[in-house]
Amino acid sequence: MGVLILIGFLIMKVPSEFSPREDRGMMMVFIQGPEGASYEDTLKTVMTAEEKLNPLIDSGEVKRILFKVPGSFASGGANFNNAFAIIVLDDWGNRRPVWDILADVREKMSTIPGAKIFARTPQAFGGRGGSPVQFVLQG
């Protein structure tokens, strides 16, 4: 019985992620506008995001911000309602931890109307989202 209680306690206390959080000195911001939004509409949203993020450059915590509109790398597509940004941070000794800066970025982006905007740091093992670690078993 004691073993079952210990197992239940450990399940609650042991972190569920296998990959630790890492401060890689960068973050990404994804912008998704309404379906059918024009290039000009998306560009206005990006310009507003840039204005809100510029104080981070002025403070010295961010080295540079690169926006891409539209966010897709596919050529010939007519999907102009998305964009993304890569934010490169200053050296670790010259800034706050990436999670504090990420919280500031998320707060600033939450005030922009008309688009879904989310920011995240790259995962430790790469990947394109979903679970932090994925395995495929084949027989």
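Not measured: the values here are computed from a predicted model. By convention here, each chain's residues receive numbers from 1 onward along its written sequence. pLDDT decides what is reported in this predicted model: residues at 70 or higher carry local features, side-chain atom pairs at 80 or more are listed and counted, and totals for whole chains, interfaces and linings draw on all residues regardless. With hydrogens and water stripped out, all remaining heavy atoms of the structure feed into the side-chain values.

## With respect to the pattern of salt bridges
And step 1. The salt bridge criterion pairs a side-chain nitrogen of Lys or Arg with a carboxyl oxygen of Asp or Glu, the two atoms within 4 Å. Scanning all chains against the criterion turns up two salt bridges.
And step 2. In this structure, Arg 96 and Glu 61 form a salt bridge, with 2.7 Å as the shortest nitrogen-oxygen distance. Highlighted residues: Arg 96 in the loop between strand 3 (82-89) and helix 3 (98-109) and Glu 61 in the loop between helix 2 (39-59) and strand 2 (62-68), separated in sequence by 35 residues.
And step 3. In this structure, the salt-bridge partner of Arg 96 is Asp 104, at a minimum N-O distance of 2.7 Å.
And step 4. Here's how the labels work: a residue is buried when its accessible area is under 20% of the maximum for its type, exposed when over 50%, partly exposed in between, all with a 1.4 Å probe on protein chains only. Asp 104 sits in the partly exposed class, given a relative accessible area of 25%. A run of DSSP states H or I qualifies as a helix once it reaches four residues; a run of E qualifies as a strand once it reaches two. Both are numbered from the N-terminal end.

## Considering helix 3
And step 1. To estimate how far a helix should reach, multiply one less than its number of residues by 1.5 Å. Given a rise of 1.5 Å per residue, 12 residues ought to cover 16 Å, and the 16 Å separating the end C-alpha atoms of helix 3 matches this to within 8%.
And step 2. In what follows, residue pairs with any heavy atoms lying within 4.5 Å of each other are defined as contacts. Looking at the buried residues of helix 3, the elements they touch are strand 1 (26-32), helix 2, strand 3 and strand 4 (116-120).

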